[in-house]
Amino acid sequence: RIPVHAGVYREGNLLVDKPLTLTGVGRPVLDGGRTVEVCTITASDVSLQGFDIKDGGSSSLDDLAGVKISGARRVVVRDNRIEHCHFGVYVSKSTECTVSGNTITGLPRGEQDTGNGIHLWSCDRVTVTDNTVRQHRDGIYLEFATASRIEQNLVVRNLRYGLHYMFSHDSVYSRNTFSRNGAGVAVM
């Protein structure tokens with residue numbers, strides 16, 4: 001367990017490659033300086049909570065995020081404020097993760113130049129609950145995701161869809177609010 005106290009941290013890409021709990025005390029800021037992915041989690045059994053994560057980079061070659069979970073199990077991203085990151089939270093090839101209680105606000109440009117608020121790719125059993133997501137391409141996007149739960153999220157003012165499923169199966173979405181998006185929900 002690592003408590004991180006209030007302050008502004010410009011560490012470049014913070015890589016978490018071992019199981020641990022990072023807890024923000026007094027809302028510390030992880031600042032990507034608009035150049036890098038802010039936090040990348042590759043270890044299982046990680047918790048990241050209580051941070052302000054901002055100003056991640058963007059790239060036409062890489063899907064840079066405020067928080068990226070890659071190839072991990074049982075990661076929890078909770079109670080963070082993520083602002084002005086190309087992708088807010090990006091979960092890739094991961095299982096049994098939770099994204100909960102976060103406020104994720106993008107910096108919208110055009111559809112091709114803006115990432116998704118919460119993006120799940122090739123994942124199983126991911127829970128996305130109680131988040132507020134605004135000003136991204138799609139608020140919540142799932143592709144090749146199985147048995148995910150999308151519940152009680154507030155998704156507003158995104159360029160395209162509030163919730164967008166592509167090639168995803170056995171998932172549940174319930175008690176969400178979608179408002180002022182290009183469209184509400186696309187199930188494909």
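Residues numbered from 1 in each chain as written. Predicted model: local features only at pLDDT ≥ 70, side-chain atom pairs only at ≥ 80, totals over all residues. Heavy atoms only, no water.

**Considerations on the sheet that holds strand 17 (residues 132-134)**
Inference 1: Read from one edge of the open sheet, eight strands run 2-5-8-11-14-17-20-23, paired in parallel fashion. The open sheet has two edge strands with one neighbour each: strand 2 (8-9) and strand 23 (177-179).
Inference 2: Inspection of the sheet shows strand 20 (residues 154-156) paired to strand 23 by three bridges, in the parallel sense. By the bridge assignment for strand 23, Val155 is matched with Phe178. (Pairing = 2+ DSSP bridges. Helix = DSSP H or I, 4+ residues; strand = E, 2+ residues; numbered from the N terminus.)

**Quick word on the pattern of salt bridges**
Inference 1: Considering all chains together, one arrives at twelve salt bridges under this definition.
Inference 2: Here Asp31 ties to Arg10 by a salt bridge, and the two come within 3.6 Å at their closest N and O atoms. With Asp31 in strand 5 (residues 29-31) and Arg10 in the loop between strand 2 and strand 3 (14-16), this pair connects stretches of sequence that are 21 residues apart.
Inference 3: Note on Asp31: relative accessible area 9%, which makes it buried.
Inference 4: Arg10 sits in the exposed class, given a relative accessible area of 62%.
Inference 5: Between Arg27 and Asp79 there is a salt bridge, with the nearest N and O atoms lying 3.0 Å from each other. With Arg27 in the loop between strand 4 (21-25) and strand 5 and Asp79 in the loop between strand 10 (76-78) and strand 11 (81-83), this pair connects stretches of sequence that are 52 residues apart. (Salt bridge = Lys/Arg side-chain N within 4 Å of Asp/Glu carboxyl O. Buried < 20%, exposed > 50% of the residue type's maximum accessible area, 1.4 Å probe, protein only.)

**What to know about the side chain of Ser148**
Inference 1: Among the secondary structure elements, Ser148 is positioned in the loop between strand 18 (140-143) and strand 19 (149-151).
Inference 2: When its relative accessible area of 1% is taken as the criterion, Ser148 is described as buried.

**Quick notes on the environment of Val29**
Inference 1: Residue placement: Val29 occurs in strand 5.
Inference 2: Separated by 77 residues in sequence, Val29 and Gly106 place their C-alpha atoms 16 Å apart.
Inference 3: Sequence-distant contacts of Val29, defined by excluding residues within four places in its chain, comprise Gly7, Val8, Tyr9, Asp52 and Lys54. (Contact = heavy atoms within 4.5 Å.)

Keep in mind these numbers describe shape, not what the thing actually does.
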